[in-house]
Amino acid sequence: MRATSPGQKPIVWSIAGSDSGGGAGIQADLLTFADMGCHGCTAITANTAQNTLEVAAVNAVAPEVLASQLDALRRDLFPAAIKIGLLANAEQVILVAEFLRALLKVKQIPVVYDPVAVASSGGTLTEGNIGEAVVDHLLPLCDLVTPNLHELEWLVRAAANDAGERIKAARRLCDRGCGAVLVTGGHRELVHGEVADLLWDGNDVDWFIGKKIANNNSHGTGCTLSSAIAACLARGYPLRDACVVAKAYVQRGLRLGSAGTGSGIAPVGHCGWPSELRDYPEILLPTESRAAAYAYTDNSWQGAFVQGFATPDTTALGLYPVVDSVAWLEKLAALGVRTLQLRIKNPDENLREQVQRAVAIGKKYQLRLFINDYWQLAIDCDAYGVHLGQEDLRCADLAAIKAAGLKLGISTHGFYELLLAYRYRPSYLAIGAIYATDTKDMGGQLQGTEKLARMAELLPEYPLVAIGGINRARAPEVLATGVGSIAVVSAVTKADDYRRAVEQFQTLMGPCIC
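Residues numbered from 1 in each chain as written. Predicted model: local features only at pLDDT ≥ 70, side-chain atom pairs only at ≥ 80, totals over all residues. Heavy atoms only, no water.

S.K.: If you had to explain the domain arrangement of the protein to someone new, which residues and values would you point to?
M.R.: Taken domain by domain, the protein consists of domain 1 (11–294) and domain 2 (318–509). On the domain 2 side, the residues contacting the 23 residues of domain 1 number 15 residues. Note on domain 1 versus domain 2: buried area summed over both sides is about 1,700 Å², and carbon and sulfur give 64% of it. Our count for the domain 1 to domain 2 interface comes out at two salt bridges. Put simply, Arg235 and Glu450 hold a salt bridge, and the shortest N to O gap is 2.9 Å. Counting the contacts that link domain 1 with domain 2 gives six residue pairs in polar contact (both at pLDDT 80 or more). (Domains from an automatic or database assignment. Contact = heavy atoms within 4.5 Å. Buried area = accessible area lost by both parts, 1.4 Å probe. Salt bridge = Lys/Arg side-chain N within 4 Å of Asp/Glu carboxyl O. Polar contact = N/O pair within 3.5 Å; in protein donor to acceptor, adjacent residues only side chain to side chain.)

S.K.: Help me get a handle on the packing of helix 7 (residues 221–234) against helix 8 (residues 239–256), residues and values and all.
M.R.: Closest axis-to-axis distance for the helix 7/helix 8 pair is 8 Å, and the angle between their directions is 140 degrees. In terms of orientation, helix 7 lies oblique with respect to helix 8. Helix 8 is crossed by helix 7, and the crossing has right-handed handedness. Of the residues in helix 8, those touching helix 7 at Thr221, Thr224, Leu225, Ala228, Ile229, Cys232 and Leu233 are Leu239, Ala242, Cys243, Val245, Ala246, Lys247, Tyr249, Val250 and Leu254. A per-class count over the contact of helix 7 with helix 8 returns 13 nonpolar, two polar and one charged. (Axes fitted to C-alpha atoms, helices over the stretch in contact; angles between N-to-C directions. Helix = DSSP H or I, 4+ residues; strand = E, 2+ residues; numbered from the N terminus. Parallel < 35°, antiparallel > 145°, perpendicular 65-115°, else oblique. Left-handed = near helix turned anticlockwise from the far one by under 90°. Nonpolar A, V, L, I, M, F, W, Y, C, P; charged D, E, K, R; others polar.)

S.K.: Go over the sheet that holds strand 15 (residues 407–412), please, and point to the residues and values.
M.R.: Strand order in the closed barrel formed by eight strands is 11-12-13-14-15-16-17-18, with parallel pairing between adjacent strands. Taking the axes of each pair of neighbouring strands and ignoring which way they run, one obtains an average angle of 25 degrees across the sheet. (Pairing = 2+ DSSP bridges.)

S.K.: Quick rundown of the pattern of salt bridges? Include the residues and the values.
M.R.: Counted under the stated rule, the structure contains 22 salt bridges. Residue Asp29 is joined to Lys83 by a salt bridge in which the shortest nitrogen-to-oxygen separation is 3.0 Å. Here the residue Asp29 occupies a position in helix 1 (residues 25–35), and Lys83 occupies one in strand 4 (residues 81–84), the gap between them amounting to 54 residues. The buried category is assigned to Lys83, whose relative accessible area is 1%. The salt bridge partner of Arg352 is Asp380, with a shortest N-O separation of 3.4 Å. Within this pair, whereas Arg352 is found in helix 10 (residues 351–365), its partner Asp380 is found in helix 11 (residues 375–380), the two being separated by 28 residues in sequence. According to the relative accessible area criterion, Arg352 is partly exposed, its value standing at 40%. Each of Glu194, Glu282, Glu288, Arg290 and Arg423 takes part in salt bridges that share partners, so that together they form one network. (Buried < 20%, exposed > 50% of the residue type's maximum accessible area, 1.4 Å probe, protein only.)

S.K.: How would you sum up the packing of helix 8 against helix 13 (residues 415–422)? Please name residues and give values.
M.R.: Axis separation between helix 8 and helix 13 bottoms out at 7 Å; the angle between their running directions is 70 degrees. The orientation of helix 8 relative to helix 13 falls into the category roughly perpendicular. Where helix 8 approaches helix 13, its residues Arg240, Asp241, Val244 and Val245 are matched on the opposing element by Phe415, Tyr416 and Leu419. Looking at the contact of helix 8 with helix 13 residue by residue, the classes come out as five nonpolar, no polar and two charged.

S.K.: Which residues make up the packing of aromatic side chains, and what values go with them?
M.R.: Applying the stated criterion across every chain yields a total of 14 aromatic pairs. Between the aromatic rings of Phe208 and Tyr416, the centroid separation amounts to 6.3 Å while the plane-to-plane angle is 75 degrees, which identifies the pairing as edge-to-face. In this pair, Phe208 is assigned in strand 9 (residues 205–211) and Tyr416 in helix 13, connecting sequence segments 208 residues apart. Relative to Trp273, the ring of Tyr237 lies with its centre 6.3 Å away and its plane at 65 degrees, an arrangement referred to as edge-to-face. Here Tyr237, found in the loop between helix 7 and helix 8, pairs with Trp273, found in the loop between helix 8 and strand 10 (282–283); they are 36 residues apart in sequence, far enough to count as distant. Here Tyr237 matches Trp273 in class, with each residue buried. (Phe/Tyr/Trp six-rings, centres within 6.5 Å; stacked < 30°, edge-to-face > 60°.)

What follows is the structure in structure tokens.
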């Protein structure tokens with residue numbers, strides 16, 4: 001097993017069938033892996049004879065042929081993730097499960113299983129009923145299973161028509177041992193014009209809502225979705241980020257793909273990384289009115305769903321120091337810093353007085369001053385704005401914040417949280433942590449500049465703030481991603497000469513926006 005060197009493409013395996021028509025199976029998987037920046041390897045389970053109209057034959061490979069492919073890959077091309085598609089019979093299911101069980105003892109690798117049983121054209125792809133073998137042997141080894149509604153019902157042997165039944169079925173499937181279930185909803189709409197995918201991770205429900213695209217190029221969407229998720233997991237994306245990016249990739253393929261390939265259901269397009277916001281799903285919030293149609297309730301969320309907070313005077317907020325005292329606030333305001341945040345981690349009985357003093361300084365220097373967390377005090381003291389974390393969105397009175405005219409900034413960590421926070425249309429979105437930082441343990445949420453650039457590309461005209469481990473040396477690379485603001489903590493407050501540090505950042509970013 002060789003470690004992946006810096007700059008090397010992650011290796012992703014597809015254990016699946018070959019589609020002679022080129023629309024699904026390993027053909028779709030390899031195109032997807034390439035689009036997502038991964039090196040694809042294959043272990044072919046069956047050679048199908050099919051086109052856009054029919055499945056003429058499914059020729060399962062012999063067990064020893066499948067085993068030889070897997071063994072060859074294991075010896076030289078160890079995977080960063082594995083996608084499993086068509087397994088043609090129960091013997092293959094058991095063989096792959098035994099192979100995975102041994103492989104996962106060497107290293108934990110994310111495994112995504114798309115339980116392919118029926119082709120888009122309606123042809124049956126498996127020999128006999130392999131459902132029992134899948135549930136007993138394969139599911140406990142999978143981190144994510146991505147059934148469509150027919151496949152979900154096939155595996156749990158129960159109907160999944162309405163939202164409540166889908167949630168119940170997904171939970172039952174997850175209870176059989178897999179890490180999470182993503183149920184794709186393209187076959188039956190719960191709300192007219194919407195395609196809703198359901199994620200159940202063993203603890204929480206999420207609904208990812210996209211617009212229905214009426215066309216004739218949907219062959220291979222399930223294969224493409226699962227392989228895009230596997231590719232994102234191989235690149236280190238958390239599960240929810242991988243799911244929303246993959247859904248956007250499929251949506252882009254449906255929107256841009258050609259419907260003229262063949263006489264039947266044409267292949268979904270493989271059109272590169274999804275770089276437009278319109279292809280990404282909306283994250284359903286339990287406090288919005290349409291949540292009832294999706295049987296989505298979460299008692300930890302309080303308050304009404306509110307959108308459209310006051311906009312700042314610029315989309316480029318510039319240098320944005322985050323400080324823990326009023327003294328630091330005043331020193332930096334005197335240097336001409338326009339955007340600041342007061343973040344008091346361990347408040348005492350003088351918290352109200354400190355916020356009042358901070359607001360007074362903000363008005364004296366005409367600052368864009370955000371109060372971290374203490375939204376009620378920010379309202380009471382007539383602050384410029386408030387900054388909230390993701391967890392605060394569950395309990396803060398967002399309607400009161402909006403009614404008071406306060407600007408609202410929200411922290412995000414990755415694509416999923418960015419999309420969730422964007423639903424509120426806040427005054428700005430903060431993205432982090434870009435690099436490791438000693439102010440917070442963000443080891444599981446590091447974004448890096450590549451992801452930052454991808455997220456900035458989705459919202460080119462929106463106020464975005466990059467935060468986390470950014471110093472003067474790293475700032476040019478961060479600014480090159482397209483964000484208009486850099487939040488700093490240690491780079492200023494722990495600098496040998498904070499005045500010089502501020503001057504350097506202001507010179508770099510331009511005095512007009514600092």
